[in-house]
Amino acid sequence: ILFAASLVKPAAADDRDRCNDAKAGRESRLAACETAIAGRQWSDEMLQALELRATDISTNIDDGITVAAMYLCLLRMLYRRRKGNQRWRTYSRMLLSENMWRAQRYGTSGGLIDFGRGVIVPYEELFEEILELVSEDAEEIGATAELEHGRTILARGTSADRQLSVYESALEGGASPEEALRQV
């Protein structure tokens, strides 16, 4: 939510520099960004309600930062397109719900339906398309490295993939379902 204001009024260059200068890991970098951005004065108009819930799901801070960076870049890309009088495609709620179901059911292994092409497209391909769409925005806000971490997530699996693996391994090792859940 802190980053949402930069969609309307980009952070000053010195704020971005302070964020990029933080050298001690991602947690320190995030804290430096929060400090730099929190020190600015924002009007109520700039801080309209945007809620991000997906990043609190990840068990890995780098993954959570990647999701937050993608969210911000997508919002900035949509804002930029609107300011340039460009529309984004709209689809029915039913079609979008189908892809949400596929994501919940299959995770990153099942792919999503590309409604324009009418085919299921692997996540890796969709991720590369999204990176291309938001590359200008990622560069502008300094989130290119965070977005590229998405390739690592796809290669090694999500937090959910790792949790399922621990659970299944525990069951195979003779643990009860309750014991296996505790190991997760």
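In this numbering scheme, every chain counts its residues from 1 along its sequence in written order. Residues qualify for local features only when their pLDDT is at least 70, as the model is predicted, and side-chain atom pairs are given and counted only at 80 or more; totals for whole chains, interfaces and linings, by contrast, use all residues. The side-chain values count all of the structure's non-hydrogen atoms but skip hydrogen atoms and water molecules.

Turning next to the overall build of the protein chain. Assigned secondary structure in the protein chain consists of nine helices and two strands. Ordered by position from N to C terminus, the α and β elements of the protein chain give α-α-α-α-α-β-β-α-α-α-α. Contacts are assigned to residue pairs that have any heavy atoms within 4.5 Å of one another. Considering only intrachain contacts with a sequence separation of at least 6, the fraction spanning at least 24 residues in the protein chain is 55%. If you sum the accessible surface of the protein chain, you get close to 12,100 Å²; carbon and sulfur atoms cover 53% of it. Secondary structure follows DSSP: runs of H or I at least 4 residues long count as helices, runs of E at least 2 residues long count as strands, and numbering of each begins at the N terminus. To be clear on the numbers: accessible area is Shrake-Rupley with a 1.4 Å probe, and residue cover counts the displayed protein chains and nothing else.

A pairing counts as a salt bridge when a side-chain nitrogen of Lys or Arg comes within 4 Å of a carboxyl oxygen of Asp or Glu. This model, assessed by the stated rule, comprises nine salt bridges. Here Arg156 ties to Asp63 by a salt bridge, and the two come within 2.6 Å at their closest N and O atoms. Placement of Arg156 in helix H7 (residues 144-156) and of Asp63 in helix H4 (residues 61-83) is noted, with a sequence separation of 93 residues between them. Relative accessible area decides the class of each residue, using a 1.4 Å probe on protein chains only: under 20% of the type maximum gives buried, over 50% gives exposed, and in between gives partly exposed. Owing to a relative accessible area of 4%, Asp63 belongs among the buried residues under this scheme.

Attention now moves to the nonpolar core. In terms of nonpolar packing, the biggest core is built from 15 residues, with Met70, Cys73, Phe127, Leu131, Val134 and Leu147 touching the most fellow members. When contributions to this core are tallied by element, the ones reaching two or more residues are H4, helix H6 (123-141) and H7. Looking at this core element by element, the count peaks at six residues for H6. In contact with Leu131, not counting residues within four places along its chain, are Met70, Leu147 and Arg151. Here, nonpolar core refers to any group of buried Ala, Val, Leu, Ile, Met, Phe, Trp, Tyr and Cys residues whose side-chain atoms link them within 4.5 Å.

Fine structural detail should not be taken from predicted coordinates in areas where pLDDT scores are low. Looking at the protein chain, the pLDDT average stands at 79 and 70% of residues meet or exceed 70. Confidence, read as mean pLDDT per element, is least for helix H1 (residues 5-8) in the protein chain (41) and greatest for strand S2 (residues 119-121) (96). Confidence per residue, as judged by the predictor, is encoded in pLDDT with a range of 0 to 100.

Here the aromatic set is Phe, Tyr and Trp, taking the six-membered ring for Trp, and pairing holds for ring centres within 6.5 Å; pairs whose planes are under 30 degrees apart are stacked, those over 60 apart are edge-to-face, and all others are tilted. For the structure shown, the criterion picks out two aromatic pairs. Centroid distance Tyr91 to Phe115: 5.1 Å. Interplanar angle 50°. Geometry classified as tilted. Taken as a pair, Tyr91 in the loop between H4 and helix H5 (93-106) and Phe115 in the loop between strand S1 (112-114) and S2 lie far apart in primary sequence, 24 residues in all. By relative accessible area, which is 34% here, Tyr91 ends up partly exposed. Residue classification places Phe115 among the partly exposed positions, given a relative accessible area of 23%. Arranged with centres 5.8 Å apart and planes meeting at 90°, the rings of Trp101 and Tyr106 form a pair that is edge-to-face.

Turning to the side chain of Asn99, a few remarks are in order. Along the chain, the position of Asn99 falls in helix H5. Given the relative accessible area of 12%, Asn99 is considered buried. Pairs of N or O atoms are called polar contacts if they sit within 3.5 Å, as long as, within protein, a hydrogen donor faces a hydrogen acceptor (for residues adjacent in sequence, only side-chain-to-side-chain pairs). Here the side chain of Asn99 touches Ile113 through a polar contact of 2.8 Å, landing on its backbone nitrogen. Setting aside residues up to four positions removed in sequence, Asn99 forms contacts with Leu112, Ile113 and Phe115.

For the pair H6 and H7, the least separation of the axes is 10 Å and the interaxial angle reads 170°. Considering the angle they form, H6 stands roughly antiparallel to H7. On H7, the residues touching Tyr123, Glu124, Phe127, Glu128, Leu131, Val134, Ala138 and Glu139 of H6 are Thr144, Leu147, Gly150, Arg151 and Leu154. Gly is placed with the polar residues, together with every amino acid not listed as nonpolar (Ala, Val, Leu, Ile, Met, Phe, Trp, Tyr, Cys and Pro) or charged (Asp, Glu, Lys and Arg). Tallied by class, residues from the contact of H6 with H7 come to seven nonpolar, two polar and four charged. Under this scheme, a helix contributes an axis fitted over its contacting stretch, all axes are lines through C-alpha atoms, and angles between N-to-C directions fall in the 0 to 180 degree range. The labels follow the angle: roughly parallel below 35 degrees, roughly antiparallel above 145, roughly perpendicular from 65 to 115, and oblique for the rest.

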